[in-house]
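The chain contents come next:
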Amino acid sequence: MSVAASRVEPEDLEKLKRHAYRIRRHALLMGEVQGQGYVGQALGVADVLAVAYFRHLRYRADDPEWEERDRFLLSIGHYAIALYAALIEAGIVAEDEIENYGSDHSILPMSGMATYTPGMEITGGSLGHGLGIGVGMALGLKRKARDSFVYNLLSDGELNEGSTWEAVASASHWKLNNLIAIVDVNDQQADDKSSTVLSYEPITDRWAAFGWEAWRVDGNDLEALVRAFDAAVGSQSDKPRVIICDTLMGRGVPLLETREKTHFIRVDENEWSLALAQLDDVYGIK
Ligand SMILES: Cc1ncc(C[n+]2csc(CCOP(=O)(O)OP(=O)(O)O)c2C)c(N)n1
Ligand SMILES: [Mg+2]
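What you see is a predicted model, and the numbers here were worked out from it, not measured in a lab. (Residues numbered from 1 in each chain as written. Chains lettered and ligands numbered in written order. Predicted model: local features only at pLDDT ≥ 70, side-chain atom pairs only at ≥ 80, totals over all residues. Heavy atoms only, no water.)

Asks: I'd like a rundown of empty space enclosed by the protein, residues and numbers included.
Replies: One pass over the full model with this rule turns up one cavity of 30 Å³ or more. In this structure, the largest cavity occupies an estimated 100 Å³ of space. What lines the largest cavity is a set of 14 residues, among which Tyr-59, Arg-69, Asp-70, Gly-119 and Glu-121 lie closest to the centre. In the lining of the largest cavity, the residues fall into seven nonpolar, one polar and six charged. (1 Å grid on protein atoms, 1.4 Å probe; cavity = no way out; pocket = protein on both sides within 12 Å on 5 of 7 lines; lining within 4 Å. Points joined across faces, edges and corners; volume = space filled by probe spheres on them. Nonpolar A, V, L, I, M, F, W, Y, C, P; charged D, E, K, R; others polar.)

What follows is the structure in structure tokens.
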């Protein structure tokens, strides 16, 4: 679908850029606590999360269960570090929780769990269930005549799951125009490149054939993301919406962008400060 129409103000982009930088920084600081983790994914989706949390999502930082909030479902439990970084940036989780990341009794466990963390709507470690839960939530909200949106961030690996496609079919059947799927296409999964394990192209046409409005953008281009999100949220159609985001794992930290096999990374102790310095460099921060 075309996304050319909406105008993006330069000051809005600057604001989003700052949030995306800080989301990346929070994620690196959490990664450093454990010395390893799904940091590449967090850096990859930081721009997507910045646009979601700082342009569109309705929430109250001091009342994460506010009934009229939009729901953001993370089905990829291993991406929790990415969502924590956004929740910290949004003021839903306190910044000083960073130092407890992944430790026993922390509210920030390495895999996302709804009962542990404010703002974490679902427990998502078993892949392929987020969109199905999203369908149920979106249907429920419609039946209660609420105007909240349900977002689900899912991964290209989750497109291998039959349950995802059942949810895709159900969403258009029920005309869930309050459901917005966001697919992180980083062409990576645990064992290999996603496109090698099971090809997913033509990805936009596949979703469209199931009755979704579909946009595909460079998921590390804030302006393109803003246009796609604005179009998806603003559409008047009765269809569910999907924004397919091509992202680069490790984005913003050159030493991690170029690392082989980035699904789960270990970073040497002395490399964390280098990674933070590279991030500052990329953003022109002294
Ligand atoms: C149902 C299920 N099968 C397998 C796994 C093991 N697993 C954890 S992460 C992962 C990779 C999934 O692909 P993707 O989310 O695209 O990986 P990434 O982009 O983070 O490398 C797998 C297979 C799981 N958590 N749940
Ligand atoms: Mg992937």
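What follows picks up the thread again.
Asks: Mind laying out the site of ligand 1, listing which residues take part and the relevant values?
Replies: As a matter of local geometry, ligand 1 sits amid 17 residues, with Gln-41, His-78, Ser-155, Asp-156 and His-263 nearest to it. A distance of 2.7 Å separates an oxygen atom of ligand 1 from a polar atom in the side chain of Ser-155. Gly-157 is positioned with one of its backbone polar atoms (N or O) 2.9 Å from an oxygen atom of ligand 1. Alone, ligand 1 offers 590 Å² of accessible surface; in the complex the protein occludes 73% of this. A majority-of-atoms criterion places ligand 1 in the second largest pocket. (Near = heavy atom within 4 Å. Polar contact = N/O pair within 3.5 Å; in protein donor to acceptor, adjacent residues only side chain to side chain. Areas by Shrake-Rupley, 256 points an atom, 1.4 Å probe, with all protein chains shown as cover. Sits in = over half its atoms within 2 Å of the grid points.)

Asks: Could you give an account of the pattern of salt bridges, with specific residues and numbers?
Replies: What the rule picks out here adds up to 17 salt bridges. Of the charged contacts in the structure, one is a salt bridge between Glu-121 and Arg-69, with a shortest N-O distance of 2.7 Å. A residue pair is termed long-range when its members are at least 10 positions apart, and Glu-121 in the loop between helix H3 (80-89) and helix H4 (130-143) and Arg-69 in the loop between helix H2 (39-56) and strand S2 (71-74) qualify at 52 residues. A relative accessible area of 12% means that Arg-69 is categorised as buried. It is possible to trace a salt-bridge network through shared partners that takes in Glu-67, Arg-71, Lys-144 and Arg-146. (Salt bridge = Lys/Arg side-chain N within 4 Å of Asp/Glu carboxyl O. Helix = DSSP H or I, 4+ residues; strand = E, 2+ residues; numbered from the N terminus. Buried < 20%, exposed > 50% of the residue type's maximum accessible area, 1.4 Å probe, protein only.)

Asks: Describe in detail the environment of Thr-204, supporting the description with residues and values.
Replies: With respect to the element layout, Thr-204 can be found in helix H7 (residues 203-209). Taking the C-alpha atoms as reference points, Thr-204 and Ile-243, separated by 39 residues in sequence, lie 8.9 Å from one another. Ignoring any residue separated from it by four or fewer positions in sequence, one finds Thr-204 in contact with Ala-214, Arg-216 and Ile-244. (Contact = heavy atoms within 4.5 Å.)

Asks: So what's going on with the environment of Arg-60? Residues and values would help.
Replies: Note on placement: Arg-60 falls in the loop between H2 and S2. Spatially, the C-alpha atoms of Arg-60 and Ala-90 are 9.2 Å apart, while their sequence positions differ by 30 residues.

Asks: Any chance you could break down the sheet that holds strand S5 (residues 213-218) for me, citing the residues and the numbers?
Replies: In spatial order, the strands read S2-S3-S4-S6-S5; together these five strands make up an open sheet with parallel pairing. Every other strand in the sheet has two partners, leaving S2 and S5 as the edge strands with one partner each. Within this sheet the neighbouring strands show an average axis-to-axis angle of 20 degrees, counted without direction. With six bridges connecting them, strand S3 (residues 150-155) and strand S4 (residues 179-185) associate as parallel partners. (Pairing = 2+ DSSP bridges. Axes fitted to C-alpha atoms, helices over the stretch in contact; angles between N-to-C directions.)

Asks: Any chance you could break down the layout of surface pockets for me, citing the residues and the numbers?
Replies: Of the volumes computed, that of the largest pocket is approximately 210 Å³. If you go around the largest pocket, you meet 14 residues; those closest to its centre are Asn-186, Asp-187, Gln-188, Lys-193 and Thr-262. Counted by class, the lining of the largest pocket contains three nonpolar, five polar and six charged residues. What the second largest pocket holds in volume is close to 150 Å³. Looking at the second largest pocket, it is lined by 15 residues, and the ones nearest its centre are Leu-127, Ser-155, Gly-157, Gln-189 and Ala-190. The class makeup of the residues in the lining of the second largest pocket is four nonpolar, nine polar and two charged.

Asks: Which residues make up the coordination of the magnesium ion (ligand 2), and what values go with them?
Replies: Coordination of the magnesium ion (ligand 2) by the protein comes from Asp-156 (OD), Asn-186 (OD1) and Gln-188 (O), over a distance range of 2.1 to 2.2 Å. Between consecutive donor residues of the magnesium ion (ligand 2), the sequence gaps follow D-x29-N-x1-Q. The burial state of Asn-186 is the same as that of Gln-188; both residues are buried. (Donors = N, O, S within 2.8 Å, 3.2 Å for Na, K, Ca; no water.)

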